[in-house]
Amino acid sequence: MKSQWIRRRAATALLAAGALVAAFAGSATGAARGPGGDDAAMPQNGTVTEALAGSAAAQRSADRTRREDPQPRSQIVPVRPHKATGSARPAVSTKPSALVLYDTSGPYGFLGELYAMLAANLAGHFGTVKTEPVSSYTAGQVERYTATVYIGSTYYGGDVPDAIPDAFYGDVATTAKPVVWMNDNIWNFAGEIGVPAFEAKYGWDPTTSYFGPAGQVAQVDYKSEPLTRTVPPAADGGVLRPNIVTGTGLPAVTTLAQAEDTSTSPATAFPWAIRSGNLTYLGEIPFSYVNESDRLIAFEDLLFDALAPTTPTRHRALLRLEDISPDSDATELMAVATYLHAQHIPYGFEVIPVYTDPNGAQNDGVPRTRTLAQVPRVLTALRYMLSHGGTIIEHGYTHQYRNVANPYDGVSANDFEFFRSHIDGGDNVVLDGPVPEDSALWATGRVVAGKAAFPLVGLPVPALWTTPHYAASAVDYGVFKNNYTARYERSLYYAGQLSGQPIDSQRYVGQFFPYVVHDVYGTTVLPEDLGNYGPEAYNNHPPRLPADIVRSAKLNLAVRDGFASFFYHPYYPVAPLQEIVEGIRDLGYTFVSPASVLP
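Residues numbered from 1 in each chain as written. Predicted model: local features only at pLDDT ≥ 70, side-chain atom pairs only at ≥ 80, totals over all residues. Heavy atoms only, no water.

1. Here we look at the overall build of the chain
When helices and strands are counted, the chain shows 13 helices and 27 strands. Split into buried and exposed, the 599 residues of the chain put 61% on the buried side. A separation threshold of at least 6 residues defines the contact pool for the chain, and within that pool the share at least 24 residues apart is 72%. (Helix = DSSP H or I, 4+ residues; strand = E, 2+ residues; numbered from the N terminus. Buried < 20%, exposed > 50% of the residue type's maximum accessible area, 1.4 Å probe, protein only. Contact = heavy atoms within 4.5 Å.)

Set out below in C-alpha cells:
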C-alpha cells in the first residue's frame, strides 16, 4: 500500500487545483492552477484564454488609434438625451434589482456574456437581476431597476460599429439611478451627449482619457487595502486613466480606488475607480485573472453602494472540513472536531458516502470499496460533529470517475467525478469537459445514490452540496439545484446560459463569492473565497500556508458585509487550523454555521 503521505499529497494537490475557481485565469492550455500564491487561478478552456489575449490586444490597438487621431471637441455635437416614457415606470419591489448589460459584437463578443454572468451572480446577492445585450436596450429601462451595470468588453470603433443604442446614452445622462460603467466606450457616451455636457455633469473627459501602459499595474488600493492585480502582460488591455478636469462649477470626482503603476520609480498612482454624481466608472473589467486577494474585492464592495448603500458593516467567517469519507481516519476527525467544539466554532463538514479505489492504486493493486456502514468509528465521529456544531454537506457520491485516472489514480477524493481531466507534460491539471455520459439522468443517478447512503446509517440527508473539485456541467448544476437547498462552493458557468443558445461546454469561466449569492443557475451559493491550507507544492504551485489565508482574509475586510470562508482537510494536524482560526478571529470575523446564512 502506498504511504499515507503520498495518498494525502495527491488528494490535496488535486483538490486545491480543481477547487480554486478564479474567473478567466489559467494558462493557454486551460490548465488548472491552485491557490499557492498571488497568481492562483482557475481551470478554463484554451478558447477563453486565447480570446482574452486577443481582446486585450484589440483594445490596446484601438485605443492607440483613438489617441493618435482624436476627434476635435468642436466636431462633437451634443445630442438631446432620451427621456423615459410612461411605460418605463419602475416596478414595485421590496428587494433591490439590477440590470446588467453586456456587449456581444466583434470577434470576441462571446466574452461579454461570460462577464455578464459573473456580474449577475454578484448582483444576485442583493435581489433580482435582469441581463441582456446592451444592443437590446430600450428607452426607460434604467428607471425600472435599482441600479444598472454596463460591461464594456467590446471596443466600439474602427471596424466594429457602436452597438449601444442612443436611448441608453440618453437615459444614463438623465437618470438619477446609480449606473456602474466598466471599461470601454465611455468616450462614446461623452461624444453622444457632448463633451462639455459630460464634463459639466461628471467632472472628467473620457475622450482624452486613455488606457495606460499595459502590464504595469500590479496593485489596486481600496479602503487602504493593497489588492493584487496579476494580469499577464499579453492579456492586459490596460486600465483607463481618467482625465479629471478642473474649473469653476465643475462637480467633484471621488476616487474610490487607486491603481499603482510600477513602470515608474516610485510607482505612480492614478484612479482605478471613480464616482461623480450617479455614475461609477471602473477603468477595466475586474473579472480576469483573479485570486483571493484580487482587485475584484473592490468591485464586490462597490456593488453595495449601487444596490444596498445602507448595509451595515459585518464580517463573518465560514469553515468547511473537506473530503471526509469511509476511508478517513476517525482519530484525526475527532481531533479536529473536539478542537472546534472547544473553541465554539460552528462549521460544515463534507462527506463522500462511498469510498472506492477500483484499481487498488492505494491498496497494493487490490481493488477496495468502503461504505459508511463498514466504518463504525468514522460514523461515531460524524455523529459527534453533528451534535457539536457541525453541518453535514454531501460531496459527490464517490468523488471519482469509473476506473480511470481522472487525472490521478481513480481513487475517491483524488479525482473528478463529473468532469474529465488529465495532467499535461508541464505537470498542469487540465480540464477536458463534462464526462462522455453526462446527462440529467446520469447526474441524477449519482445524486440519488449518494443521498440514499445517509439514512441507511442514521445520518440526515444533507441539504447542502459541494461539487467534487468544483467542476460540473451546466446540466449537472441543474440536477444539484433540484436536489439541494444550496451549493457551498465555487462554480463553473458556460457560454449560452444568458443568450438562450446551446450551452458551449468548451467556453466556461469559474467564480468564487465573498457573500451568499443567487446565481444564474437559480441556486443559492454559499461563499468560499480563501482557498485551503496546503503545506506542499503541487502542479507548479507553491504551498498555501496559514499566513496566506489570513492575509487574504484581511484584504477581504474591504467588503462591508463579506465572509472569510476557507476549507481544511482534517487529515492535517490541528495546529495549522488553529493558526488560521485565531488569525481570522483576530481580524474581527465571527465564525457562523453554514446553515445560519441560508436565505
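2. Looking at the nonpolar core
Ranked by internal contacts, the top residues of the largest apolar core, which has 93 residues, are I151, W272, F287, F299 and Y515. Residues in contact with Y515, not counting those within four places in the same chain, are L122, H125, F126, E300, L303, F304, V525, P527, V559, D561 and F563. (Core = buried A, V, L, I, M, F, W, Y, C linked by side-chain atoms within 4.5 Å.)

3. Regarding helix 12 (residues 546-555)
Where helix 12 is concerned, the buried positions are P546, I549, V550, S552, A553 and L555. For helix 12, the elements touching its buried residues are strand 8 (225-228), helix 7 (296-307), strand 26 (563-568) and helix 13 (574-586).

4. Describing the sheet that holds strand 8
Backbone-to-backbone hydrogen bonds join strands into a sheet, with any given pair of strands oriented parallel or antiparallel. Pairing is mixed across the open sheet formed by nine strands, whose spatial order is 3-2-4-5-12-11-10-7-8. Strands at the two margins of the open sheet, each flanked by one partner only, are strand 3 (128-133) and strand 8. The average angle at which neighbouring strand axes cross in this sheet is 25°, direction not considered. Of the pairings in the sheet, the one linking strand 7 (residues 217-222) to strand 8 comprises four bridges and is antiparallel in character. Within the sheet, the bridge partner assigned to Q219 lies in strand 8 and is T228. (Pairing = 2+ DSSP bridges. Axes fitted to C-alpha atoms, helices over the stretch in contact; angles between N-to-C directions.)

5. A few points about the packing of aromatic side chains
Tallied over the entire structure, the rule returns 34 aromatic pairs. Pairing W181 with F189 gives two aromatic rings, centres 5.4 Å apart and planes at 10°, and the pair type is stacked. Neither residue differs from the other here; W181 and F189 are each classed as buried. Aromatic rings pair up to connect Y137, Y150, F168, Y169, W181, F189, F198, Y202, W204 and Y281 into one cluster. (Phe/Tyr/Trp six-rings, centres within 6.5 Å; stacked < 30°, edge-to-face > 60°.)

6. Details of the side chain of T311
Along the chain, the position of T311 falls in the loop between helix 7 and strand 13 (316-324). Engagement of the side chain of T311 in a polar contact is seen with the backbone oxygen of A308, the distance being 2.8 Å. Setting aside residues no more than four positions away along its own chain, T311 makes contact with F304, R560 and D561. (Polar contact = N/O pair within 3.5 Å; in protein donor to acceptor, adjacent residues only side chain to side chain.)

7. A short note on the environment of N403
Tracing the backbone shows N403 in the loop between strand 17 (390-394) and strand 18 (419-423). Each C-alpha atom of the pair N403 and P367 lies 9.9 Å from the other, and the pair is 36 residues apart in sequence.

8. Here we look at the pattern of salt bridges
Tallying each qualifying case throughout the model produces 24 salt bridges. One salt bridge connects D236 with R229, and the closest N-O pair in it is separated by 2.8 Å. Both residues of the pair, D236 and R229, count as buried. Between E417 and R446 there is a salt bridge, with its nearest N and O atoms 3.0 Å apart. Taken together, the residues E417 in the loop between strand 17 and strand 18 and R446 in helix 10 (residues 440-453) connect sequence positions 29 residues apart. (Salt bridge = Lys/Arg side-chain N within 4 Å of Asp/Glu carboxyl O.)

9. Regarding the packing of helix 8 (residues 330-342) against helix 9 (residues 376-387)
Between helix 8 and helix 9, the shortest axis-to-axis distance is 9 Å and the interhelical angle comes to 10°. By the angle between their directions, the pair helix 8 and helix 9 is classed as roughly parallel. Helix-helix and strand crossings are classified by hand; for helix 8 and helix 9 the assignment is left-handed. Residues A330, T331, L333, M334, A337, T338 and H341 of helix 8 pack against R377, V378, A381, Y384 and M385 of helix 9. The class makeup of the residues in the contact of helix 8 with helix 9 is eight nonpolar, three polar and one charged. (Parallel < 35°, antiparallel > 145°, perpendicular 65-115°, else oblique. Left-handed = near helix turned anticlockwise from the far one by under 90°. Nonpolar A, V, L, I, M, F, W, Y, C, P; charged D, E, K, R; others polar.)

10. Looking at the pairing of strand 7
Sheet analysis places strand 7 next to strand 10 (residues 254-261), joined by four bridges and oriented antiparallel. Each residue of the ladder has a partner; that of V217, found in strand 10, is D261. Between the end of strand 7 and the start of strand 8, which pair antiparallel, lie two residues, with K223 showing a positive phi angle near 50°.

11. Quick notes on the confidence of the model for the chain
Scored by pLDDT, the chain has a mean of 90; 89% of the residues are at 70 or more. Scored below 50 in pLDDT, residues 1-43 shows 168 contacts in the model against residues more than four places distant or in partner chains. Segment residues 84-92 is flagged for pLDDT under 50; beyond a separation of four residues in sequence, or across chains, it makes 13 contacts in the model. (pLDDT = per-residue confidence, 0-100.)

12. Concerning the pairing of strand 26
Remark: a regular strand shows side chains that alternate across the two faces of the sheet. The element strand 26 is largely enclosed, with a buried count of six among its six residues. Neither face of strand 26 is left uncovered, since the one carrying F563, S565 and F567 and the one carrying A564, F566 and Y568 both have all their residues buried. In the sheet, strand 13 pairs with strand 26 via six bridges, with the strands oriented parallel. For L321, the partnering residue across the bridge sits in strand 26 and is Y568.

13. Description of the side chain of D261
Secondary-structure assignment places D261 in strand 10. Only 2.9 Å separates the side chain of D261 from the side chain of R241, close enough to count as a polar contact. In this structure D261 touches Q216, V217, R241, A267, T268 and F270, once residues within four positions along its chain are discounted.

14. Notes on the packing of helix 2 (residues 46-68) against helix 3 (residues 110-123)
Contact geometry of helix 2 with helix 3 gives a least axis separation of 11 Å together with a crossing angle of 105°. The angle between the axes of helix 2 and helix 3 places the two elements in the roughly perpendicular class. Across the interface between the two elements, T47, V48, A51, L52 and S55 from helix 2 touch F110, L111, L114 and Y115 from helix 3. Classifying every residue of the contact of helix 2 with helix 3 gives seven nonpolar, two polar and no charged.

15. Thoughts on helix 2
Under the 1.5 Å per step criterion, the end-to-end length of helix 2 is 33 Å for 23 residues, consistent within 8% with the ideal 33 Å. Taken residue by residue, helix 2 has G46, V48, T49, A51, L52, G54, S55, A56, Q59, D63 and R66 as its buried positions. The secondary structure elements touched by the buried residues of helix 2 are helix 3, strand 5 (179-183), helix 5 (186-193), strand 6 (204-211), strand 9 (240-244) and strand 23 (504-511). (Expected span 1.5 Å × (residues − 1).)

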